[in-house]
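For reference, the chains in residue letters:
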Amino acid sequence: QVQLVESGGGLVQAGGSLRLSCAASGRPFSSYAMAWFRQAPGKERQFVATISLSGVRTTYTDSVKGRFTISRDNAKNTVYLQMNTLKPEDTAVYYCAAGLVFGPSGYDYWGQGTQVTVSS
């Protein structure tokens, strides 16, 4: 089992920045690929970004490329999502996820989510 706790969400104006954190506990953090997903009201959960076990490989959904950066610190059991140039359409609940396979799907463990609201 892996427990995930997100933090760092909040209200920000369009063009602003936020950094989300996800702290993991339980099984060795470095054994898991990590990802961020988001879910806006009335919409399905959407893949945002993923990072490999070592942090060498990353993948992003097209709408956040060049604005968001995923990173991890295996010594701190934490994955981050730096979000810059935020847009109102980035408003959603953001979820951290852990899984054994690097990619946009197939994650086994999920956090409770953190709300990000971008005002225009």
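Quick note: structure is the one above.
Described in the following lines is the structure provided in the data block.

Criteria and thresholds
- Residues numbered from 1 in each chain as written.
- Predicted model: local features only at pLDDT ≥ 70, side-chain atom pairs only at ≥ 80, totals over all residues.
- Heavy atoms only, no water.
- Core = buried A, V, L, I, M, F, W, Y, C linked by side-chain atoms within 4.5 Å.
- Buried < 20%, exposed > 50% of the residue type's maximum accessible area, 1.4 Å probe, protein only.
- Helix = DSSP H or I, 4+ residues; strand = E, 2+ residues; numbered from the N terminus.
- Pairing = 2+ DSSP bridges.
- Axes fitted to C-alpha atoms, helices over the stretch in contact; angles between N-to-C directions.

1. Details of the nonpolar core
- Ranked by size, the top nonpolar core spans 29 residues in total, and within it L4, M34, W36, V79, L81, M83 and Y94 carry the most contacts.
- Of all elements in the fold, only β1 (2-7), β3 (18-26), β4 (33-39), β5 (46-51), β7 (68-73), β8 (78-83), β9 (92-99) and β11 (114-119) reach the threshold of two or more residues within this core.

2. A look at the sheet that holds β8
- The four strands lie next to each other as β1-β3-β8-β7, forming an open sheet whose pairing is antiparallel. If you trace the sheet from one side to the other, it starts and ends with β1 and β7, each paired once. Across this sheet, the average inter-strand angle for adjacent strands is 15°, counted without regard to direction.
- Judged from the six bridges that link them, β1 and β3 form a sheet pairing that is antiparallel. From the neighbouring strand, S7 faces β3, where its bridge partner is S21.

3. Brief notes about the pairing of β4
- Of all the seven residues making up β4, six are buried; the element is thus mostly covered by neighbouring parts of the structure.
- As paired strands, β4 and β9 are joined by seven bridges and run antiparallel to one another. Bridging from a neighbouring strand, M34 pairs with A98 of β9.

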